[in-house]
Amino acid sequence: MRLRLLAAAAVIALLLTACGGGGGGSPAPDDENRADGARILYRASGRISAQNPAFSPDGKSVLFTLFHDGYNEGAAALRVVPLGSEQEREHEYKYEQQHPRTLLSEPDKAAVNLPGSSWHPRSGVAFASDRSGQDEVWIMEPGGKPTRVTRHRGDTGYLEPSFSPDGQWIVFQESVENEHPDGSELGSLWKVRRDGSGTTRLIDGPGTRTDNRQPNWSPTGDRLVFQRREAGSEAWALYVVNADGSGLRRLTTMPGEHTDPSWSPDGRSVVFSSTSGGLDLPQIFVIPASGGRPTRVTRSGNTYDGAPSWSPDGRWIAFESHPGGEDRPSSLWRVPAPHRPIGQT
């Protein structure tokens, strides 16, 4: 599971428009580039981990989750880092000028966004939080305060929300732990209207003995992409399903672990993290939405690259990265999106 939110106490005030520091972090030097053309966007300090980048609707900034105690560990805040001026985006980022601002930060609470379509131009930011004492879906409209969308009982968690293109619906994951003899989680996929009505289960995890996670809505609004594994298996694959839960089909058929899918802005391709080709550490790949051969995007032999998101103009892919196979604190990077036809190697 990518994200398991905390359960803790005490809700305090939030900051939406106020600028925060780097959450204990500091922008990285602008000469820290990789051979594959990736350039760093932001790195925090110490154990603080920057994860789950999602471009703003105008492409000028990136929303992300800042975990205070390490990779997927501890309290978590939502922050936004600007990408500089148009000239800087075209040529070189001035990293020393980029400082994240705080959207939401509460002691002992975890607010976590999903990479991909978690930021809508009119509906705001969708995120999961345990600020009510249980993992639920929340939204934060532009200039507003967090609004709770889901309310449920039991010990399941509602996580990883993604907006429909019209901003009226949110798809999310219900996480169910230890529903299989081997301890595998069996996660279902649901959708709900932004006002909390119309909750509908799309994929029944326990009923199909599968674990379904990280749903992202397509730009055309008719499909969802997500990751799935069978109960008792460690192999993740990508699937596409219609927005009403029908027409399930497998997208990835090659060997490897395939996770963290989200769409290109034209809906023709899916970007994801994968060990395709026998890689020891996941890298970023792109595959046609109709299926086929994946195209490798990042080429770093000693880093984990994951949680990718495509920029609205189609030119960039943002992702999280950390060295080695351990869950070390991640930093945020961006790499040019592939220009040749997807499916060619």
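Quick notes on the rules
Residues numbered from 1 in each chain as written. Predicted model: local features only at pLDDT ≥ 70, side-chain atom pairs only at ≥ 80, totals over all residues. Heavy atoms only, no water. Pairing = 2+ DSSP bridges. Helix = DSSP H or I, 4+ residues; strand = E, 2+ residues; numbered from the N terminus. Axes fitted to C-alpha atoms, helices over the stretch in contact; angles between N-to-C directions. Phe/Tyr/Trp six-rings, centres within 6.5 Å; stacked < 30°, edge-to-face > 60°. Buried < 20%, exposed > 50% of the residue type's maximum accessible area, 1.4 Å probe, protein only. Lys NZ or Arg CZ within 6 Å of the ring centre and 35° of its normal. Salt bridge = Lys/Arg side-chain N within 4 Å of Asp/Glu carboxyl O.

Caption draft 1: Focus on the sheet that holds strand β3 (residues 61-67). The strand order β2-β3-β4-β5 describes an open sheet built from four strands, whose pairing is antiparallel. Sheet topology places β2 (49-55) and β5 (101-104) at the edges, where each strand pairs with a single neighbour. The mean inter-strand angle of the sheet, taken between neighbouring strand axes irrespective of direction, is 30°. Note: β2 against β3, five bridges, orientation antiparallel. Across the sheet, residue Gln51 finds its bridge partner in β3, namely Thr65.

Caption draft 2: Just the packing of aromatic side chains, in detail. Going through the model one piece at a time under the given rule, you end up with five aromatic pairs. With 5.4 Å between their ring centres and 40° between their planes, Tyr42 and Phe64 make a pair best called tilted. Placement of the pair is Tyr42 in strand β1 (residues 39-42) and Phe64 in strand β3, with a sequence separation of 22 residues. Phe64 shares its class with Tyr42; the two are buried. If you follow Lys191 out to its NZ or CZ, it ends over the ring of Trp169, 4.8 Å from the centre.

Caption draft 3: The arrangement of the sheet that holds strand β24 (residues 316-323) in detail. Strand order in this open sheet of four strands is β1-β25-β24-β23, and the pairing throughout is antiparallel. Each edge of the open sheet is held by one strand with a lone partner, namely β1 and β23 (303-310). Neighbour-to-neighbour, the strand axes of this sheet turn through a mean angle of 35°, independent of strand direction. Relative to β24, β23 runs antiparallel, the two being bridged by six bridges. Within β24, the residue paired with Thr303 across the bridge is Pro323.

Caption draft 4: Just the pattern of salt bridges, in detail. Under the definition given, this model contains nine salt bridges. A salt bridge links Arg201 to Asp204; the nearest nitrogen and oxygen atoms lie 3.5 Å apart. Owing to a relative accessible area of 42%, Arg201 belongs among the partly exposed residues under this scheme. Between Arg229 and Asp211 there is a salt bridge whose closest N-O contact spans 3.8 Å. Taken together, the residues span a long stretch of sequence, with Arg229 in strand β16 (residues 223-230) and Asp211 in strand β15 (residues 210-217) at a distance of 18 residues. The same class applies to Arg229 and to Asp211, which are both buried. In the salt-bridge network here, residues are joined through shared partners; they are Glu185, Asp211, Arg213 and Arg229.

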